[in-house]
Amino acid sequence: MTIPSNRLSYQTAGESHGPALVATILGVPAGLTIDTQVINAELARRQGGYGRGGRQKLETDAIEILTGVRRGVSIGAPITFLVKNRDSRLDDLERTPAVYRPRPGHADLAGSIKWLTTDCRETLERASARETAARVAACCVGRLMLKEIFGVEVFGFVRSILDAQTKVEVSHDKLSELIEARNASETYTLDAATTKRQCDIIRQTKADKDTVGGDVECHVFGCPPGIGSSMNWYDKLDARIAYAVMGIQAFKAVQLGLGTQCSQRLGSQVHDPIEYDASKIHEPSLGFVRSSNNAGGTEGGMTNGQPIVVTGTMKPIATLLQGLPSVNLNTKQAQDSQYERSDVCAVSAASVVMEHVVAFEVASAFMEKFGGDSVIETRANYEAFLDVARALPFDRTSPPDSVIT
Ligand code: EPS
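Predicted model only: the values in this text are computed from it and were never measured.

**Some words on the pattern of salt bridges**
All told, the structure shown has 27 salt bridges when counted by the stated rule. A salt bridge links Arg130 to Asp61; the shortest N-O distance between them is 2.8 Å. Remark: Asp61 occurs in the loop between α2 (55–58) and β3 (63–67) and Arg130 occurs in the loop between α4 (121–127) and α5 (132–150); sequence separation between them is 69 residues. The exposure classification of Arg130 matches that of Asp61, with both residues buried. Residues joined by salt bridges that share partners form a network here, namely Arg46, Arg55, Glu59, Asp61, Asp87, Arg89, Arg130 and Arg341.

Shown next as structure tokens:
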């Protein structure tokens, strides 16, 4: 399928121990400041978090811009970034040993059979979560667009690791405090007591030669109603967010709002009552306020003016120091899975990845509705829509002069 060049989309390429990872982003309007410092700060956050493996001590991820940007500003052309791998040794037979014993939970077994090899390295190099460095860099451009053009902010954090869960509630008015709390936490959660419990769990897990997963949460603030569409399944914003989140390595579940808890409640306890408050007409809700947000900000596959709230569940990393029962692909004899240097827990890093992939999906849905070739044109389209939406009700076949922009 051909993808039109003005549709916001991206692709990554590169192996975990190849020379570099690359990302190409299409559909970025002209006039967007591509702030390298912001992107590199997110890459540094992705490398961090308590429980990461030795690889992060070798790398200092940073983008090199190859195309689509002139003097720090997008020119409307495809943008390409490169992130160099310092630990680059893919063609070196001695330093890149073959892996013949697939790790249960990793792509090793399925990929080896699919690509007809018994060396799992052929699969694991691309399946590795190292790829998310390129993904965060690409999606950060979507995030910059959301902030710069539409005033939308995205916040991701770790809700829980195993059973250590923060109970802190998230709201837009507390965003700067929340960012500060998350950035002060070694596990990217929201309070010191939970951080300590999560670090204790990770430390014990490491001592036990095991791995541990958790839940990450992402909130998107500032979307008006009507982003996404209910016209076809693939237009629905909640479906697109779920697709993007399930595409992150090691994610096994995605929920919006109440998620799976919906099945435990009656309709009257699930659906968020609608009220109108004219004093809030200039807020994202356009005045249509809700006393709860069980829907997680989408109804009918469209934003409803409430914050989008997404939870993603990451399984424990598949590479265990103790190994797991497996089979040697060459001998077909039982043998424990092979250990490769890895993380004990990468849930903190995954919260950075999730924040960015969600931002990118929301940005692409905004661009479908308001997109122009430049930032100026796109912003004008957006403001014109907000003006007419606030002026409802009127006859769509002959709107009043005041709403013709
Ligand atoms: C990762 C780099 C990898 C792994 C990890 C994520 O580096 P290496 O394989 O050289 O140690 O630490 O990859 C996986 C979790 C995986 O399953 O492959 C990174 O940069 O995020």
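That covers the picture; the talk isn't over yet.
**What to know about the site of the ligand**
The ligand sits among His17, Arg46, Arg52, Arg55, Gln56, His106, Ser128, Ala129, Arg130, Ile317, Arg341 and Asp343. At a separation of 2.8 Å, an oxygen atom of the ligand approaches a polar side-chain atom of Arg46. Between the ligand and Arg341 there is a distance of 2.6 Å, counted from an oxygen atom to a side-chain nitrogen or oxygen. Burial of the ligand by the protein amounts to 92% of the accessible area it has alone, namely 470 Å². Cavity membership is defined here by more than half of the atoms lying within 2 Å of grid points; on that basis the ligand lies in the second largest pocket.

**Considerations on a nonpolar patch on the surface**
On the surface, Ile274, Tyr276 and Phe288 cluster together into a nonpolar patch covering about 350 Å² of accessible area. Along the chain, the position of Tyr276 falls in strand β12 (residues 274–276).

**Points about the layout of surface pockets**
Approximately 1,200 Å³ is the volume found for the largest pocket. In this structure, the largest pocket is lined by 32 residues; those nearest its centre are Leu8, Ser9, Arg240, Tyr243 and Glu361. Listed by contribution, the elements that provide at least two residues to the lining of the largest pocket are β1 (9–13), β2 (20–26), α5, β10 (225–228), α8 (237–246) and α9 (347–370). With 7 residues, α9 is the largest single contributor of residues to the lining of the largest pocket.

**Some thoughts on the sheet that holds strand β6 (residues 79–84)**
Taken in spatial order, the 4 strands line up as β1-β2-β6-β3 in an open sheet, and their pairing is antiparallel. Two strands in the sheet have a free side with no partner beyond their single neighbour: β1 and β3. Averaged over neighbouring strand pairs, the angle between their axes works out to 20 degrees when direction is ignored. Note: β3 against β6, 4 bridges, orientation antiparallel. Bridge pairing in β6 places Ile63 opposite Val83. Along the sheet, α5 makes contact with β1, β2, β3 and β6, crossing β2 at roughly 25 degrees.

**Describing α8**
The complete set of buried residues in α8 reads Leu237, Arg240, Ile241, Ala244 and Val245. The arc that holds every buried residue of α8, seen down its axis, measures 130 degrees, which confines them to one face. Each element contacted by the buried residues of α8 is listed here: α5, β10, β11 (251–256), β15 (302–304), β16 (308–314) and α9.

**Notes on unusual backbone geometry**
Of the consecutive residues Leu392 and Pro393, the connecting peptide bond is found in the cis state with omega at 5 degrees. In this structure, Pro393 sits in the segment after α10 (375–391). For Leu116, which is not glycine, the phi torsion reads 55 degrees and is therefore positive. Here Leu116 is to be found in the loop between α3 (108–114) and α4. Classification of Leu116 by relative accessible area gives exposed; the value is 77%. For Tyr188, which is not glycine, the phi torsion reads 65 degrees and is therefore positive. Mapped onto the elements, Tyr188 comes out in the loop between α6 (175–184) and α7 (192–207).

**Looking at the packing of α5 against α10**
Packed helices, taken two at a time, are described by their axes: the angle between them and the distance between them. Running from amino to carboxyl end, α5 crosses α10 at an angle of 60 degrees, the nearest separation of the two axes being 10 Å. Classified by the angle between their axes, α5 and α10 sit oblique to one another. Seen from above, α5 lies across α10 with right-handed handedness. Counted together, Glu148, Ile149 and Phe150 of α5 and Val375, Thr378, Arg379 and Tyr382 of α10 form the full contact between these two elements. Residues belonging to the contact of α5 with α10 are distributed by class as follows: 4 nonpolar, 1 polar and 2 charged.

**Observations regarding the side chain of Ser364**
Turning to its location among the elements, Ser364 is positioned in helix α9. For Ser364, the side chain forms a polar contact with the side chain of Arg240, separated by 2.8 Å. One polar contact links the side chain of Ser364 to the main-chain carbonyl oxygen of Glu361, over a distance of 3.2 Å. In this view, Ser364 contacts Leu8 and Arg240; residues no more than four positions away in its chain are not counted.

**Concerning the packing of α5 against α9**
For the pair α5 and α9, the least separation of the axes is 7 Å and the interaxial angle reads 45 degrees. The angle between the axes of α5 and α9 places the two elements in the oblique class. As α5 runs across α9, the sense of the crossing is left-handed. The residues of α9 that touch α5, namely those facing Thr132, Arg135, Val136, Ala138, Cys139, Cys140, Gly142, Arg143, Met145, Leu146 and Phe150, are Val352, Val353, Glu355, His356, Val357, Ala359, Phe360, Val362, Ala363, Phe366, Met367 and Phe370. Here the contact of α5 with α9 is built from residues that sort into 17 nonpolar, 3 polar and 3 charged.

Conventions used here
Residues numbered from 1 in each chain as written. Predicted model: local features only at pLDDT ≥ 70, side-chain atom pairs only at ≥ 80, totals over all residues. Heavy atoms only, no water. Salt bridge = Lys/Arg side-chain N within 4 Å of Asp/Glu carboxyl O. Helix = DSSP H or I, 4+ residues; strand = E, 2+ residues; numbered from the N terminus. Buried < 20%, exposed > 50% of the residue type's maximum accessible area, 1.4 Å probe, protein only. Near = heavy atom within 4 Å. Polar contact = N/O pair within 3.5 Å; in protein donor to acceptor, adjacent residues only side chain to side chain. Areas by Shrake-Rupley, 256 points an atom, 1.4 Å probe, with all protein chains shown as cover. 1 Å grid on protein atoms, 1.4 Å probe; cavity = no way out; pocket = protein on both sides within 12 Å on 5 of 7 lines; lining within 4 Å. Sits in = over half its atoms within 2 Å of the grid points. Patch = residues over 30% accessible without salt bridge, like charges linked within 9 Å, V, L, I, M, F, W, Y side chains within 5 Å. Points joined across faces, edges and corners; volume = space filled by probe spheres on them. Pairing = 2+ DSSP bridges. Axes fitted to C-alpha atoms, helices over the stretch in contact; angles between N-to-C directions. Contact = heavy atoms within 4.5 Å. Arc of directions from axis to C-beta. Parallel < 35°, antiparallel > 145°, perpendicular 65-115°, else oblique. Left-handed = near helix turned anticlockwise from the far one by under 90°. Nonpolar A, V, L, I, M, F, W, Y, C, P; charged D, E, K, R; others polar.

All we've got here are geometric facts, nothing functional implied.
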